[in-house]
Amino acid sequence: VAAKKLTLKNVKDYIVNVICKRSDLGYNYGVIIIPEGLIDFIPEVAKIETEKMLIQMVETELEKRKQEGSYKSQQSHFFG
């Protein structure tokens, strides 16, 4: 993240794209592991609960894509 100078939006878009690609292949399940401290490498975000924030951002984007018809399934869970 730091080396590529990724923004929070880049990270969110990457996660959403992986979920959508897997869904297209019929894999409507999976686990995404977010490393602790990820947010420390993203300059525009202060100290917040990274996992919960990313889940919310990903859910919002997936809902948008669902409305557009490019994604069909949605479930999110945080297993702290």
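Residues numbered from 1 in each chain as written. Predicted model: local features only at pLDDT ≥ 70, side-chain atom pairs only at ≥ 80, totals over all residues. Heavy atoms only, no water.

Under an unreviewed UniProt entry, the name given to the chain is pyrophosphate--fructose 6-PHOSPHATE 1-PHOSPHOTRANSFERASE, and the organism recorded is Salix viminalis.

K.L.:
Residues and numbers for the side chain of arginine 65, please.
P.N.:
Mapped onto the elements of the fold, arginine 65 is located in helix 2 (residues 50-68). Here arginine 65 falls in the buried class, since its relative accessible area comes to 16%. If sequence neighbours within four positions are ignored, arginine 65 has contacts with Val16, Asn17, Cys20, Ser70 and Tyr71. (Helix = DSSP H or I, 4+ residues; strand = E, 2+ residues; numbered from the N terminus. Buried < 20%, exposed > 50% of the residue type's maximum accessible area, 1.4 Å probe, protein only. Contact = heavy atoms within 4.5 Å.)

K.L.:
Tell me about helix 1 (residues 8-24), residues and numbers included.
P.N.:
Along an α-helix, a turn takes 3.6 residues, which lines up residues three or four apart on a common side. With 17 residues, helix 1 extends 24 Å between its outermost C-alpha atoms, agreeing within 8% with the 24 Å of an ideal straight helix rising 1.5 Å per residue. Among all positions in helix 1, only Leu8, Val11, Lys12, Asp13, Ile15, Val16, Cys20 and Ser23 are buried. Tucked into the core, helix 1 has its buried residues touching helix 2. Positive phi appears at glycine 26, one or two residues downstream of helix 1, with a value of about 90 degrees. (Expected span 1.5 Å × (residues − 1).)

K.L.:
So what about the packing of helix 1 against helix 2? Which residues, and what values?
P.N.:
For the pair helix 1 and helix 2, the least separation of the axes is 9 Å and the interaxial angle reads 55 degrees. When the axis of helix 1 is compared with that of helix 2, the two are oblique. For the pair helix 1 and helix 2, the sense of crossing is right-handed. Residues Leu8, Val11, Lys12, Ile15, Val16, Asn17, Ile19 and Cys20 of helix 1 lie in contact with helix 2, whose contacting residues are Met53, Leu54, Met57, Val58, Glu61, Leu62 and Arg65. Of the residues that constitute the contact of helix 1 with helix 2, the class distribution is eleven nonpolar, one polar and three charged. (Axes fitted to C-alpha atoms, helices over the stretch in contact; angles between N-to-C directions. Parallel < 35°, antiparallel > 145°, perpendicular 65-115°, else oblique. Left-handed = near helix turned anticlockwise from the far one by under 90°. Nonpolar A, V, L, I, M, F, W, Y, C, P; charged D, E, K, R; others polar.)

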